[in-house]
Amino acid sequence: MKGTEKTEELLALIREGKAITRSGQIRLVVRLSIPAIVAQLSYILMQYIDAAMVGSLGAGASASIGLVSTTTWLFWGLCTAMGMAFSVQVAHQIGSGNLKEARAVLRQGIGAALFFSILLALVGIALSGVLPRWLGGEESIRHDASLYFLVFSLFLPVLQMNFLAGGMLRCSGNMRVPSQTGVWMCVADIILNFFLIFPSREIQIGTVSVFVPGADLGVAGAALGTALAETFATGYMGWYLFVRSSVLRLTSESGSFLPKMEVIRKALHIGLPMGLEHIVICGAQIMTTVIVAPLGIFAIAANSFAITAESLCYMPGYGIADAATTLAGQSYGAGRFALTRRFAFITVGLGMAVMGIMGVAMYVWAPHIIGLMTPVPEVRELGVMALRIEAFAEPMFAASIVSYGVFVGVADTLVPCLMNFFSIWAVRLSLAALLAPLMGLKGVWIAMCVELCFRGGIFLCRLCGNRWIKNK
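Definitions and cut-offs
- Residues numbered from 1 in each chain as written.
- Predicted model: local features only at pLDDT ≥ 70, side-chain atom pairs only at ≥ 80, totals over all residues.
- Heavy atoms only, no water.
- Axes fitted to C-alpha atoms, helices over the stretch in contact; angles between N-to-C directions.
- Helix = DSSP H or I, 4+ residues; strand = E, 2+ residues; numbered from the N terminus.
- Parallel < 35°, antiparallel > 145°, perpendicular 65-115°, else oblique.
- Left-handed = near helix turned anticlockwise from the far one by under 90°.
- Contact = heavy atoms within 4.5 Å.
- Nonpolar A, V, L, I, M, F, W, Y, C, P; charged D, E, K, R; others polar.
- Expected span 1.5 Å × (residues − 1).
- Buried < 20%, exposed > 50% of the residue type's maximum accessible area, 1.4 Å probe, protein only.
- Pairing = 2+ DSSP bridges.
- 1 Å grid on protein atoms, 1.4 Å probe; cavity = no way out; pocket = protein on both sides within 12 Å on 5 of 7 lines; lining within 4 Å.
- Points joined across faces, edges and corners; volume = space filled by probe spheres on them.
- Polar contact = N/O pair within 3.5 Å; in protein donor to acceptor, adjacent residues only side chain to side chain.
- Phe/Tyr/Trp six-rings, centres within 6.5 Å; stacked < 30°, edge-to-face > 60°.
- Core = buried A, V, L, I, M, F, W, Y, C linked by side-chain atoms within 4.5 Å.

**Student:** Is there a simple way to explain the packing of helix α13 (residues 377-390) against helix α16 (residues 441-464) in this structure?
**Tutor:** When two helices pack together, their arrangement is given by the angle between the helix axes and by the axis-to-axis distance. Their axes nearest at 9 Å, the elements α13 and α16 cross at an angle of 20 degrees. Considering their axes alone, α13 and α16 lie roughly parallel with respect to each other. Read as a crossing pair, α13 and α16 show a hand that is right-handed. Counted together, L382, M385, A386, I389 and E390 of α13 and L441, K442, W445, I446, M448, C449 and L452 of α16 form the full contact between these two elements. Considered class by class, the residues forming the contact of α13 with α16 number 10 nonpolar, no polar and two charged.

Here's what the structure looks like:
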C-alpha cells in the first residue's frame, strides 16, 4: 500500500504543475510499469496455458484454435480501441484536475462500449459458422474452430467491460488492481480449463487414485474456461472502479450514461484510427494465416504456438506501453509538454532494454517453451525455428510498441495507424508471400522479423521529432 500511495503522490505532482526530479520520473515509470507488466504477462500466460492444455489433445485441436486466433485478436483489438477512446480522455481530464468531468466521461464510455460490444458480438456469432472455411482451414478442424469462435463471440460484451475497466484504472494511475486481477484470472482459467476441457478421469497421486470429473468439451471448453475467468475478473474490476477508486468512483454522484456529442467526437478522434490500426494488423495476420494454411496442419499449429510463446517476450513491452500512455496522457492533459517528452524517452528506453533481454531468453529457451505446449515433434521443430528468428527483432518491436503507447496518450493516433499499415502490408506481407513458397514457415517468420525491425525504426524517427507533441 505504501508503494501505491507514493505513486499517487508522484502523479499528483504532474497535475499540480510541480517539478519532478529525473530520478523521480524514472521511479514513477518503474512503479507503473512493473504491475502493468505483471498484468500483461498473466494475461498471455493464460493463453499459453490454454494452448498447452489444448495441445495435449493433438495437432488438430491446436490448429483449430490457431486458425481463428488472428480473428479473435481483431475483435480484441476493436474492444481495446473502444476502451482507450474513452480512457485517454479520462487521463487528460485527470491531468488537468477536472475529476468530475473524468467521471462523466467514464459513465458515457460505459454506455457507448456496451452498445458497441453487443453489436460486435452479433457480428461474431453470425460469422462463426463460415469463418474457418473462409480462412482456408481443412475440413477436419473447421467444426472445433467454429465452436471456439462462437463461445468467444458470446462473451464479447464481458471482454469489452474488462478492457474498459482495466483501461480506466490504469489511466487514473492505478496499475495494482488490474495487475492483481490478471493474476487471479489466470489461476481461475487454469482451474476451469482443468474441468472443462478434459473428460472425467482417474489421476494417480502417489499410491492414491483420485477421480476427477470433467465436461470433456475439448476446444470449446478452453474457450468457455477463459470466458468465465474473464467474467469473474470483470466483475471485480468493475466493482472496484465504481465503488473503491479514489479518483473515478461513481457512487458519490449521479449522471447520465448516454454519451454526449463532444465526448463521442473525441472518442472517434482517438479510437477510430486505433480501430483501423487493429484492423490493419489483424487483417495482415489473417492474410498470414491464409499464407500459412496451405503449408499443412503442422505449420498452422506451430505458427499459432510460436505466436503465443513470443507473446511472453513482447507482453512486457505492452505493459510499459500502458505506463507510457498513463504518464503521457496525464502530463499532456496538464499542459506539461517537456515532461511528456521525457516520459516518452524513459519508457521507450526501458521497453527496448527489457524486451532485448527477453529476446535473448526466448532464443535460448525456445525448445523448452515450445516443448511445454505440444508433444508433436514436427510442430516443436517448426515452433523453435520461428521463435529463434523472431528473437532478433524484439528490441525494435519494443520501440514501436512503447512509442505507440506514448502517441495514444497524447491522442496522436492517425499517423501511427498509417505507419503500421504501410509497414505491415507493404513490407511483411509482400516478403511473406514471396518467401513462403520457397522456404515454408521459415520464410513467413523471416518476413515478420524484417518488418518489425523496420517498424521500430520509423516509430523511433517520429518519436525524435516534434509533430506528435505539438499543442493540439
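Next comes the rest of the account.
**Student:** I would appreciate a short explanation of helix α8 (residues 176-196) in the present structure.
**Tutor:** Given 3.6 residues per turn, any residue in an α-helix points the same way as the ones three and four places further on. With 21 residues, α8 extends 30 Å between its outermost C-alpha atoms, agreeing within 8% with the 30 Å of an ideal straight helix rising 1.5 Å per residue. Residues of α8 that are buried: V177, P178, S179, T181, G182, M185, C186, A188, D189, L192, N193 and L196.

**Student:** Can you help me understand the pairing of strand β1 (residues 199-205) in this one?
**Tutor:** Moving residue by residue along a regular strand, the side chains alternate between the two faces of the sheet. The pairing of β1 with strand β2 (residues 208-215) spans six bridges and is classified as antiparallel. Within β2, the residue paired with I205 across the bridge is V208. Hairpin connection between β1 and β2: a loop of two residues separates the two successive antiparallel strands, and G206 in this loop has a positive phi of roughly 65 degrees.

**Student:** I would appreciate a short explanation of empty space enclosed by the protein in the present structure.
**Tutor:** A water-sized probe rolled over the atoms picks out the places where empty space is left. On inspection of all chains with the given rule, the structure shows three cavities of 30 Å³ or more. Considering only enclosed or pocket space, the second largest cavity measures out at about 410 Å³ in volume. Taken together, 27 residues line the second largest cavity, and the ones lying closest to its centre are Q47, D50, I65, W76 and Y148. Of all the elements, helix α2 (residues 22-55) adds the most residues to the lining of the second largest cavity, at seven residues.

**Student:** Explain the side chain of T234 here, please?
**Tutor:** Locating T234 in the fold gives a position in helix α9 (residues 219-244). For T234, a relative accessible area of 13% corresponds to the buried category. Looking at T234, its side chain comes within polar contact range of the main-chain oxygen of E230, at 2.7 Å. Apart from the residues within four sequence positions on either side, T234 is in contact with V158, M161 and N162.

**Student:** I keep staring at the packing of aromatic side chains and nothing clicks. Help me out?
**Tutor:** What the rule picks out here adds up to 16 aromatic pairs. Relative to F152, the ring of W76 lies with its centre 5.8 Å away and its plane at 80 degrees, an arrangement referred to as edge-to-face. Taken as a pair, W76 in helix α3 (residues 59-95) and F152 in helix α6 (residues 139-154) lie far apart in primary sequence, 76 residues in all. Here W76 matches F152 in class, with each residue buried. Centre to centre, the rings of F422 and F454 are 6.2 Å apart; their planes meet at 50 degrees, and the pair counts as tilted. Within this pair, whereas F422 is found in helix α15 (residues 414-439), its partner F454 is found in helix α16, the two being separated by 32 residues in sequence. The exposure class assigned to F454 is partly exposed, which follows from its relative accessible area of 32%.

**Student:** Could you clarify how one ought to interpret the side chain of S403 in this entry?
**Tutor:** Mapping S403 onto the fold places it in helix α14 (residues 394-409). When its relative accessible area of 0% is taken as the criterion, S403 is described as buried. Reaching out from S403, the side chain makes a polar contact with the backbone oxygen of A399 at a distance of 2.7 Å. Setting aside residues no more than four positions away along its own chain, S403 makes contact with V348, F459 and L463.

**Student:** Just to check I follow, could you spell out the environment of I281 for this structure?
**Tutor:** One can find I281 in helix α10 (residues 261-292). Looking at I281, the relative accessible area reads 16%, which means it is buried. The contact partners of I281, leaving out residues within four places of it in the chain, are N420, I424 and R455.

**Student:** Would you explain α13 in this entry?
**Tutor:** Here α13 is 14 residues long and its end C-alpha atoms lie 20 Å apart, about the 20 Å a rise of 1.5 Å per residue gives. Every buried residue belonging to α13 is among V379, G383, V384, M385, A386, L387, I389 and E390, and all of these are buried. Tucked into the core, α13 has its buried residues touching α11 (297-333), α12 (337-371), α14 and α16.

**Student:** It is not clear to me how unusual backbone geometry should be interpreted in this structure. Could you clarify?
**Tutor:** Among all residues except glycine, the phi angle is most often negative; among peptide bonds, the trans geometry is most common. If you check the backbone angles, D216 has positive phi at about 55 degrees while not being a glycine. Here D216 lies in the loop between β2 and α9. Backbone geometry at A411 places phi at a positive 65 degrees, although glycine is not the residue there. By relative accessible area, which is 10% here, A411 ends up buried.

**Student:** Explanation requested: the packing of helix α7 (residues 156-171) against α8 in the structure shown.
**Tutor:** At a minimum axis distance of 9 Å, the contact between α7 and α8 shows a crossing angle of 145 degrees. Contact with α7, carried on its side by N162, G166, L169 and R170, involves V177, P178 and M185 of α8 and no other residues of that element. Tallied by class, the residues present in the contact of α7 with α8 amount to four nonpolar, two polar and one charged.

**Student:** Mind showing me how you'd approach the nonpolar core here?
**Tutor:** The nonpolar side chains of a soluble globular protein tend to be buried, and buried together. Core analysis: the biggest nonpolar cluster contains 85 residues, and L156, L387 and W445 have the highest contact counts within it. Not counting chain neighbours up to four residues away, the residues in contact with L387 comprise A306, A309, E310, M362, A366, I369 and I370.

Remember, this is a structural readout, not a statement about activity or role.
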